Amino acid sequence: MKRQLFLLFFCFCIVISLSAKQFILVLDPGHGGADPGAVGTEVQEKDLNLKVALLVGKKISERCPDVKVIYTRDTDKTVTLRERPMIANKANGDLFISIHTNSNDSKRPCGTETYVIGLAKTGANFEVAKRENSVILLEADRESYQGFDPTSPESYIMFEFMQDQYVEQSLQMADFIQRNFTKKTDRVDRGVRQDLFWVLHQTKMPSVLVEMGFVSNASDQSYMMSKKGQNALAESIVCAFEQYKHEFDKKNGLKFQKKQQAKKAIEQSVDSLKPVFKLQLFASKEVLPENHVSMKGEKNLSYYEESGWIKYTAGETSSYEEIKQLKKELDKKFGDSFIVAFFKGKKISLKEALSLLK
Ligand SMILES: [Zn+2]
């Protein structure tokens, strides 16, 4: 009977709300201000990067209401290479897209490519990383780069011991971008590449660096300067983002669903006139899948969030006697559970809860 009662109470699950986190996209238009980046015959890289980045941000803000777009710069101002990943990390970004324009001593090379952090497979790639990293040489505060010299191959050894946990997701995003460039623009596809970029190395999230085309190539330059070209490049990045976000949501679907349930539950809890007791069993840094080993076979556990921890509880009753009985039962399995109390959707002390019962 008691068991059934508990099941009934589970139906009125009262859990503190866990609000779903917004997806944070960081857009990084390369160069700016005193640093023009690559210089073509008719245009400077910094202006193209900014135009396309703003267009990408505008489209995403219109189409993805659950995404917050943050820019490392949204005007023509100087932002150091060191500041860019710092802005992204501070914002707790979920994805970082650095937007650049390529250049070469020869007028021939053309087309789009997207970079992910990693060791270059060919020597030729190093030129792009070297050029993009060399912004550091223009900066006054070079000490802050831990002695890194962008022109010296030896300097890149510091990257070699990196363990980047985001490479796989970054490669997926880069692949989506290049596929969309192929579909939506008529530019040459130079593919997904890996190399050692300072900005990609310092971000604590999946990160890509897009080279939209060569200002040193006449056809690429005029394409990137045209409204049609800018729109197609931006649209490609946006569609790639939508695909990436779709995959991201699918992976986080379970967590999201649970958070929605928790939200719903709090709305029901506010009406209760009595405090509710629960038995706290264990805490976790994340929402766990059903049947996780920590649950020791217990079904229908609920949880609430407190100071960054997800705290798992069993039971749901306004009777102190009943929760004490449950503690007796479950302590055989969990050992050291303890009773927690809630009132109108807030955690309160046991003392307060008991005084409310009088
Ligand atoms: Zn650049």
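Residues numbered from 1 in each chain as written. Predicted model: local features only at pLDDT ≥ 70, side-chain atom pairs only at ≥ 80, totals over all residues. Heavy atoms only, no water.

**Q** Describe the overall build of the protein chain, naming the residues involved and giving the relevant values.
**A** Counting its regular elements, the protein chain contains twelve helices and eleven strands. The buried share of the protein chain, reckoned over its 358 residues, is 48%. Of all intrachain contacts in the protein chain linking residues separated by at least 6 positions in sequence, the fraction that spans at least 24 positions is 79%. When the accessible surface of the protein chain is totalled, it reaches about 18100 Å², and 54% of it is carbon and sulfur. (Helix = DSSP H or I, 4+ residues; strand = E, 2+ residues; numbered from the N terminus. Buried < 20%, exposed > 50% of the residue type's maximum accessible area, 1.4 Å probe, protein only. Contact = heavy atoms within 4.5 Å. Areas by Shrake-Rupley, 256 points an atom, 1.4 Å probe, with all protein chains shown as cover.)

**Q** Which residues make up the coordination of the zinc ion, and what values do they have?
**A** Coordination sphere of the zinc ion, protein contribution only: H31 (NE2), E45 (OE), H100 (ND1), E132 (OE) and E132 (OE), at 2.0 to 2.4 Å. Between consecutive donors of the zinc ion, the numbers of intervening residues give the motif H-x13-E-x54-H-x31-E. Separated by 14 residues along the polypeptide, H31 in the loop between β1 (23-29) and α2 (45-63) and E45 in helix α2 bring together distant segments of the chain. Residue class for H31 comes out buried when judged on its relative accessible area of 5%. (Donors = N, O, S within 2.8 Å, 3.2 Å for Na, K, Ca; no water.)

**Q** Tell me about the state of the cysteines, and please be specific about residues and values.
**A** Applying the stated rule across the entire model yields zero disulfides. As a non-bridged cysteine, C64 has C239 as the owner of its nearest cysteine sulfur, 9.8 Å distant. Overall, the relative accessible area of 9% leaves C64 in the buried class. Take C239: its relative accessible area is 14%, and that puts it in the buried class. (Disulfide = S-S within 2.5 Å.)

**Q** I'd love a proper account of the sheet that holds strand β9 (residues 309-317), names of residues and values included.
**A** Strands belonging to one sheet form pairs held by backbone hydrogen bonds; the direction of such a pair is parallel or antiparallel. In spatial order, the strands read β8-β9-β7-β10-β11; together these five strands make up an open sheet with antiparallel pairing. At either end of the open sheet lies a strand with only one pairing partner, and these are β8 (302-306) and β11 (346-348). Across the sheet, the mean angle from the axis of one strand to that of its neighbour is 45°, orientation sign disregarded. Running over the sheet, helix α11 (residues 320-334) touches β7 (276-284), β9 and β10 (338-343) and is turned about 25° from β7. (Pairing = 2+ DSSP bridges. Axes fitted to C-alpha atoms, helices over the stretch in contact; angles between N-to-C directions.)

**Q** Tell me about the nonpolar core, residues and numbers included.
**A** Core analysis: the biggest nonpolar cluster contains 36 residues, and L25, V56, I60, I97, M173 and F241 have the highest contact counts within it. Broken down by secondary-structure element, the contributors of at least two residues to this core are β1, α2, β2 (67-71), β3 (95-102), α6 (167-184), β6 (207-214), α8 (218-225) and α9 (227-251). The biggest single contributor to this core is α9, with eight residues. When near neighbours in sequence (up to four residues on either side) are disregarded, F241 contacts F23, L25, I60, C64, V67, L95 and M173. Within the second largest apolar cluster, 22 residues are counted, among which are V26, Y115, A129 and L196. (Core = buried A, V, L, I, M, F, W, Y, C linked by side-chain atoms within 4.5 Å.)

**Q** Talk me through the side chain of D220; I want residue IDs and the actual numbers.
**A** Examined against the element boundaries, D220 turns out to sit in helix α8. For D220, a relative accessible area of 2% corresponds to the buried category. One polar contact links D220 to R187, side chain to side chain, over a distance of 2.9 Å. (Polar contact = N/O pair within 3.5 Å; in protein donor to acceptor, adjacent residues only side chain to side chain.)

**Q** Can you tell me about α11, naming the residues and giving the values?
**A** It helps to recall that an α-helix has 3.6 residues per turn; residues three or four apart then point in one direction. The terminal C-alpha atoms of α11 lie 19 Å apart, and with 15 residues this matches the ideal 21 Å at 1.5 Å per residue to within 8%. Listed in full, the buried residues belonging to α11 are E322, I323, L326, L330 and F334. At the N-terminal end of α11, a side-chain oxygen is found 3.4 Å from the backbone nitrogen of E321, two or three residues along, and the residue is S319. (Expected span 1.5 Å × (residues − 1).)

**Q** Can you tell me about the sheet that holds β1, naming the residues and giving the values?
**A** As summarised here, the arrangement of the six strands in space is β2-β1-β3-β6-β4-β5, forming an open sheet in which the pairing is mixed. Where the open sheet ends on each side, the last strands, each with one partner, are β2 and β5 (189-195). Sheet twist, expressed as the average angle between the axes of neighbouring strands with direction ignored, equals 20°. One ladder, built from five bridges, connects β1 with β3; its direction is parallel. Residue pairing for β3: L25 is matched across the bridge by L95. Helix α3 (residues 83-90) contacts β1, β2 and β3 of the sheet and is inclined by roughly 170° relative to β1. On top of the sheet, α9 reaches β1, β2, β3, β4 (112-117) and β6; it is set at about 150° to β1, its chief contact.

**Q** Please set out the packing of aromatic side chains residue by residue, giving values where relevant.
**A** With the rule as written, the count across this model stands at eight aromatic pairs. Ring geometry for F23 versus F241: centroids 5.5 Å apart, planes at 65°, classification edge-to-face. With F23 in strand β1 and F241 in helix α9, this pair connects stretches of sequence that are 218 residues apart. For the pair F282 and Y312, a centre-to-centre distance of 4.9 Å together with 15° between the ring planes defines the contact as stacked. (Phe/Tyr/Trp six-rings, centres within 6.5 Å; stacked < 30°, edge-to-face > 60°.)

**Q** An account of the packing of α6 against α9 is requested, with residue identities and associated values reported.
**A** Two quantities define a packed helix pair, namely the angle between the helix axes and the distance between the axes. Orientation of α6 relative to α9, taken along the N-to-C sense of each, is 140°, at an axis distance of 8 Å. Taken together, α6 and α9 sit at an angle that is classed as oblique. Helix-helix and strand crossings are classified by hand; for α6 and α9 the assignment is right-handed. Residues Q169, Q172, M173, F176, I177, N180, F181 and K184 of α6 form the contact with α9, whose participating residues are A232, L233, E235, S236, I237, C239, A240, F241, Q243, Y244, E247 and K251. (Parallel < 35°, antiparallel > 145°, perpendicular 65-115°, else oblique. Left-handed = near helix turned anticlockwise from the far one by under 90°.)

**Q** Explain unusual backbone geometry to me, using residue names and the numbers behind them.
**A** Of all residues except glycine, most have a negative phi; of all peptide bonds, most are trans. Although it is not a glycine, N92 adopts a positive phi angle of roughly 60°. Following the sequence through the fold, N92 ends up in the loop between α3 and β3. The phi torsion at K296 lies on the positive side, around 50°, for a residue other than glycine. With respect to the helices, strands and loops of the structure, K296 is situated in the loop between β7 and β8.

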